[in-house]
Amino acid sequence: MNLPARFSREVRVAATAQQQVRSFWASFESFYLSPASVALLVLNLLDGLFTLTFLQLDVAEELNPLMRAAYESSPLLFMVSKLVIVNAGLTLLCMHRGLRASRLAIRAGALIYAIINVYHFAFLAHLVRHWPHFA
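Thresholds, definitions, all that
Residues numbered from 1 in each chain as written. Predicted model: local features only at pLDDT ≥ 70, side-chain atom pairs only at ≥ 80, totals over all residues. Heavy atoms only, no water. Phe/Tyr/Trp six-rings, centres within 6.5 Å; stacked < 30°, edge-to-face > 60°. Helix = DSSP H or I, 4+ residues; strand = E, 2+ residues; numbered from the N terminus. Buried < 20%, exposed > 50% of the residue type's maximum accessible area, 1.4 Å probe, protein only. pLDDT = per-residue confidence, 0-100. Contact = heavy atoms within 4.5 Å. Axes fitted to C-alpha atoms, helices over the stretch in contact; angles between N-to-C directions. Left-handed = near helix turned anticlockwise from the far one by under 90°. Nonpolar A, V, L, I, M, F, W, Y, C, P; charged D, E, K, R; others polar.

Could you clarify how one ought to interpret the packing of aromatic side chains in this entry?
Centre distance and the angle of the planes are the two values used to describe a pair of aromatic rings. The final tally for this structure, using the stated rule, is five aromatic pairs. With a centroid separation of 4.9 Å and 80 degrees between ring planes, the pair formed by Phe50 and Phe121 is classed as edge-to-face. Taken together, the residues Phe50 in helix α2 (residues 35-56) and Phe121 in helix α5 (residues 100-129) connect sequence positions 71 residues apart. Look at Phe50 and you get buried, because its relative accessible area is 11%. Within the aromatic cluster, the residues linked to one another by ring pairs are Phe50, Phe54, Tyr119, Phe121 and Phe123.

Can you walk me through unusual backbone geometry in this structure?
Trans peptide bonds make up most of the peptide bonds, and negative phi angles are found at most residues other than glycine. The omega torsion of the bond from Trp131 to Pro132 falls at -5 degrees, within 30 degrees of zero and hence cis. In this structure, Asp58 is a non-glycine residue whose phi angle is positive, near 60 degrees. Along the chain, Asp58 falls in the loop between α2 and α3 (65-73). For Asp58, a relative accessible area of 67% gives the class exposed.

What is the right way to read the confidence of the model for the protein chain from this model?
Scored by pLDDT, the protein chain comes out at a mean of 86, with 77% of its residues at no less than 70. Per-element confidence in the protein chain is highest for α2, whose mean pLDDT is 97, and lowest for helix α1 (residues 2-29), whose mean pLDDT is 60.

Is there a simple way to think about the side chain of Thr51 in this case?
With respect to the element layout, Thr51 can be found in helix α2. Overall, the relative accessible area of 12% leaves Thr51 in the buried class. With residues up to four places along the chain from it excluded, the contact list for Thr51 reads Glu62, Phe78 and His120.

Just to check I follow, could you spell out the packing of α2 against α5 for this structure?
When two helices pack together, their arrangement is captured by the angle between the axes and the distance separating the axes. Interaxial distance between α2 and α5 falls to 8 Å at its minimum, and their mutual angle equals 30 degrees. Here the hand of the crossing between α2 and α5 comes out left-handed. Across the contact of α2 with α5, the residue classes break down as 16 nonpolar, six polar and two charged.

Next comes the structure, spelled out in structure tokens:
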């Protein structure tokens, strides 16, 4: 009599675990990238490419100590790190897009990267205007 009760409890535990796994994967099935999320991804990529180009031309220096260490190790590691860090953060925010704070954080991130890229374009225009004496 004790064996069936124990077996029943194990089946219920297994069923609950299965439901949790289904629930976890269901959140990915409804994964949605808003226009601000896509903008954030594209602007982050552009920021990385601009920064890498300016670093390679030796006309700028990386101020972020983490990214500076990555660049000094390898330019490829720099780009991969930059993309992975932002993509991981964005994935977490998108998984919690039901929260207003998450949606605001995505929009704020896109706005910040837009401003950074405007700065990159201005710096590029300055370099082109003063070429070859940009140092």
